[in-house]
Amino acid sequence: MITPAASNETGGIPNAPRRKWAIASVLAGIVLVVLDAAIANIALPVIAASLRVAPASAVGVITAYQLGLVMMLLPAAALGESLGYRRVFVAGAAVFTAASAGCALSPSLAWLMAARFAQGLGGAGIMSLGIALLRFIVPSHRLGAAIGWNALTVALSSAAGPTLGAMILSFGPWPWLFAVNLPIGACVLIAARALPCTPRTGHTFDVKTAAISAVTFASFVLGAECMQSSPATALALFAAAALMTALLVRRESGRMDPQLPLDLLRQSSLRVSAAASVLCFAGQAAALVALPFHLQHGFGLSPFVTALYLLPWPLAVAATGPLAGILADRMETALLCLVGGVILAIGLGLTAFVAIQGQPFAIGACMALCGVGFSLFNVSNNRSIFMSAPRERSAAAGGLQGIARLTGQTLGAVAMTVLFAVYPIGDAPRIGLALATVLTLSAGVASGFRVSGWIWLLRVPPISR
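Residues take numbers from 1 onward in each chain, read along the sequence in its written order. Local features in this predicted model are restricted to residues whose pLDDT is 70 or higher, and side-chain atom pairs enter the listing and the counts only when it is 80 or higher, whereas totals over whole chains, interfaces and linings include all residues. For the side-chain quantities, the full set of heavy atoms in the structure was used; hydrogens and water were omitted.

Q: Residue-level account of the overall build of the protein, with values.
A: Counting from the N terminus, the helices are the DSSP runs of H or I reaching at least four residues and the strands are the DSSP runs of E reaching at least two. The helix and strand inventory of the protein stands at 19 helices and zero strands. In terms of C-alpha radius of gyration, the protein reaches 22 Å, essentially the compact-globule figure of 23 Å for 465 residues. With respect to the principal axes defined by its C-alpha atoms, the protein has extents near 80 × 60 × 45 Å. Here the protein has roughly 19,500 Å² of accessible surface; of this, 71% comes from carbon and sulfur atoms. Mean positive and mean negative side-chain charge positions of the protein (26 and 12 charges, respectively) differ by 4 Å. Radius of gyration: over C-alpha atoms. The globule rule applied is 2.2 Å multiplied by the number of residues raised to the 0.38 power. The Shrake-Rupley method, run with a 1.4 Å probe sphere, supplies the accessible areas, and residue values consider only the shown protein chains as cover. Residues counted as positive are Lys and Arg, residues counted as negative are Asp and Glu, and His and the chain ends are not counted. By convention, the point assigned to a charge is CZ for Arg, NZ for Lys, CD for Glu and CG for Asp.

Take a look at the structure:
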């Protein structure tokens, strides 16, 4: 039986039985968000046919969710620090679950898009506070292992999503895809009774800053979505995002608890980790956009066979995640990030090479190598981000980590959009893989500059007279 967490907000580590339930709540919340996104992607053709809309219009189901998520990540983190992590995490899970019911009952595309936007808002509360809560659930020397469990959960959910979605569509209508979230959401909310209370800052939530932040990142995401169909509109939205970013930085400068975590970014270690995360996710996104085009257009493979070739990547992430977490607790994270970035770059470089040589079967092995490198880098880098932030600013670190991930993924997709517009379909994917190799290698090298034993390389020796 799970009893409610104590009312005193000491931020202490829960005892062993409660800790298991608390970890289960956080990881089940991650499953809820990641699995839903993976399932929704595969259902777009069926949804378009059922609601009698054009396939291009059905893509709005994905965009609406992304908008809700990116607009609420930083405000959700700020709410968590003001009201308590557990309250906002539980509220996010409740909103996501209720919105899933709205998706299942949607009679029209507009209704479905509105419900998906609400899912994104709820998902932001889960994603921005999940690892932040783990920092209060497990001892600090076990945080890397906990992040490894998180990586395992994300990878397995991503890998299982398309298959589970296809199975559900084989036996029932598309609303069942969203109804499956209801029992998972109920489990999250029940187990959440074991989540610890965290200290509150007591600061008033700044609604105006939250609105500016939401418009900033919404403009960025919508600009990326319009890049191919309307470049002029995309550039206007990117310009608006840049202007709003400048306004947000000016408004947040000097504040003790800014929603845009400028106080955390003043630390060189955290700045490097955030920049490396953007580079790594940009490379990953570019590669995952380029590969399906190359395998299907270059080798004539079916979508199903293409998915099989790509499957070793998330499976390798899942297999490596727990080990990466253990290593991150025992070794220097900067060194692990360097090793992971280099392995990921080697995997992508080999992928580009075997693609040119016409050897699609070798791509599966390259994808497994990419998964190992990505897992080593991502788990270690995330631990570095959170451990560089004060414990009471863990939610802000979570929001920063989420924004870095989404920014990188968006930039990678935009880069591939530009490559497809400039180069022929036969060349763009290979160039994209080369770009992904450079980006991920840059992420590893940037992290490597933080390795303590190599700091002397950055020092300029005095000139002898």
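Q: Account for the packing of aromatic side chains, with residues named and values stated.
A: Two aromatic rings are characterised by how far apart their centres lie and by the angle between their planes. When two rings of Phe, Tyr or Trp (its six-membered ring) have centres within 6.5 Å they constitute a pair, described as stacked for plane angles under 30 degrees, edge-to-face for angles over 60, and tilted for the intermediate range. For the coordinates displayed, the defined rule picks out seven aromatic pairs. Centroid distance Tyr65 to Phe96: 6.5 Å. Interplanar angle 85 degrees. Geometry classified as edge-to-face. Placement of the pair is Tyr65 in helix α4 (residues 60-83) and Phe96 in helix α5 (residues 85-104), with a sequence separation of 31 residues. Across the pair, Phe96 and Tyr65 agree in class, each one buried. Clustering of aromatic rings is evident, with ring pairs tying together Phe281, Trp313 and Phe374. Burial status follows relative accessibility: with a 1.4 Å probe on protein chains alone, a residue under 20% of its type maximum counts as buried, one over 50% as exposed, and anything between as partly exposed.

Q: Explain unusual backbone geometry to me, using residue names and the numbers behind them.
A: Here the phi dihedral of Arg52 falls at roughly 60 degrees; this positive angle occurs in a residue that is not glycine. Looking at the secondary structure, you find Arg52 in the loop between α2 (44-51) and α3 (55-58).

Q: Give a description of a nonpolar patch on the surface that names residues and reports values.
A: A contiguous nonpolar surface patch, about 470 Å² in accessible area, is contributed by Leu156, Phe304, Leu308, Leu311 and Leu315. Take Leu156: it is sitting in helix α7 (residues 143-171). Within the patch definition used here, like charges are joined within 9 Å and nonpolar side chains (Val, Leu, Ile, Met, Phe, Trp, Tyr) within 5 Å, considering only residues with over 30% relative accessible area and no salt bridge. A carboxyl oxygen of Asp or Glu within 4 Å of a side-chain nitrogen of Lys or Arg is what we treat as a salt bridge.

Q: Give me the lowdown on the confidence of the model for the protein, citing residues and values where you can.
A: Known as pLDDT, the predictor's confidence for each residue is given on a scale from 0 to 100. With 91% of its residues at a pLDDT of 70 or more, the protein shows a mean pLDDT of 83. Here α3 stands out as the element of the protein with the lowest mean pLDDT, 72, in contrast to α5, whose mean of 94 is the highest. Here residues 3-10 scores under 50 on pLDDT; set against residues more than four positions off or in separate chains, the count is 14 contacts. Segment residues 455-465: pLDDT under 50, and three contacts once partners within four positions in sequence are set aside and those in other chains are kept. Throughout, a contact is declared for two residues whenever any of their heavy atoms are within 4.5 Å.

Q: How would you sum up α2? Please name residues and give values.
A: Within α2, burial applies to Leu44, Ile47, Ala48 and Leu51. Viewed along the axis of α2, the buried residues span an arc of 100 degrees, placing them on a single side of the element. Along α2, the residues that are exposed and aim more than 90 degrees away from the buried face are Pro45 and Ala49. The positive-phi residue at the C-terminal boundary of α2 is Arg52, with phi of around 60 degrees. What the arc describes is the spread of directions from the helix axis to the C-beta atoms.

Q: Give me the nonpolar core: which residues, what numbers.
A: Core analysis: the largest hydrophobic core is formed by 84 residues, its most contacted members being Leu112, Ile137, Phe178 and Leu195. Looking at this core element by element, the count peaks at twelve residues for helix α6 (residues 109-137). Membership of the second largest hydrophobic core comes to 30 residues, among which are Leu295, Ala318, Ala352 and Ala436. In these notes, a set of buried Ala, Val, Leu, Ile, Met, Phe, Trp, Tyr and Cys residues joined through side-chain atoms within 4.5 Å is what counts as a nonpolar core.

Q: Outline the side chain of Gln119, listing residues and values.
A: If you trace the backbone, Gln119 turns up in helix α6. Look at Gln119 and you get buried, because its relative accessible area is 0%. With residues near it in sequence (within four places) discarded, Gln119 still touches Asp36, Tyr65, Phe96, Ala99, Ser100, Cys103, Phe178 and Asn181.

Q: Got a sec to walk through the side chain of Thr440? Specific residues and values, please.
A: When you line up the elements, Thr440 lands in helix α19 (residues 428-448). Here Thr440 is in contact with Leu279, Cys280, Gly283, Gln284, Gly341, Leu344, Ala345 and Leu348, once residues within four sequence places are set aside.

Q: Requested: an account of the environment of Leu156, with residues and values cited.
A: Classification of Leu156 by relative accessible area gives partly exposed; the value is 41%. For Leu156 and Ala318, which are 162 residues apart along the polypeptide, the C-alpha to C-alpha distance reads 6.1 Å.

Q: How would you explain the pattern of salt bridges if you had to name every residue and give the values?
A: What the rule picks out here adds up to six salt bridges. Measuring nitrogen to oxygen at the nearest pair gives 2.5 Å for the salt bridge that ties Asp36 to Arg116. Residue Asp36 is found in helix α1 (residues 16-42), and its partner Arg116 is found in helix α6; the two are separated by 80 residues along the sequence. By relative accessible area, Asp36 is classed as buried at 1%. In this structure Arg116 comes out as buried when scored by relative accessible area, which is 0%. A salt bridge links Arg383 to Asp329, with the shortest nitrogen-to-oxygen separation between them at 2.9 Å.

Q: Explain the packing of α6 against α7 residue by residue, including any values.
A: Running from N to C, α6 and α7 point in directions that differ by 145 degrees, and their axes come no closer than 10 Å. The element α6 and its partner α7 pack so that their crossing is right-handed. Where α6 approaches α7, its residues Ile131, Leu134 and Arg135 are matched on the opposing element by Leu143, Ala146, Ile147 and Asn150. Here the term charged refers only to Asp, Glu, Lys and Arg, the term nonpolar to Ala, Val, Leu, Ile, Met, Phe, Trp, Tyr, Cys and Pro, and the term polar to all other amino acids, Gly among them. Of the residues in the contact of α6 with α7, the class split is five nonpolar, one polar and one charged. In this description, a line fitted to the C-alpha atoms serves as the axis of each element, helices being fitted only across the stretch in contact, and the angle between N-to-C directions of two axes falls anywhere from 0 to 180 degrees. Helix crossings are classified by the rotation of the near helix relative to the far one: an anticlockwise turn of less than a right angle makes the crossing left-handed, while a clockwise turn makes it right-handed.

Q: So, the packing of α4 against α6: which residues are in play, and what are the values?
A: Each packed pair of helices is defined by two parameters, the angle between the axes and the distance between the axes. Remark: α4 packs on α6, axes separated minimally by 6 Å, with the N-to-C direction vectors making an angle of 35 degrees. Read as a crossing pair, α4 and α6 show a hand that is right-handed. Looking at side-chain class alone, the contact of α4 with α6 contains 19 nonpolar, eight polar and one charged residues.

Q: Help me get a handle on the environment of Arg393, residues and values and all.
A: With respect to the helices and strands, Arg393 occurs in the loop between α17 (363-388) and α18 (394-422). Judged by its relative accessible area of 7%, Arg393 is buried. In the structure, Arg393 is positioned 315 residues away from Ala78 in sequence and 9.3 Å away in space, judged by C-alpha atoms. Discounting chain neighbours no more than four positions away, the residues touching Arg393 are Glu81, Tyr85, Asp257, Pro258, Pro261, Asp263 and Leu264. A polar contact of 2.9 Å, which involves the side chain of Arg393, links it to the side chain of Asp263. N or O atoms closer than or at 3.5 Å make up a polar contact, with two conditions inside protein: a donor-capable atom paired with an acceptor-capable one, and, for residues adjacent in sequence, both atoms drawn from side chains.

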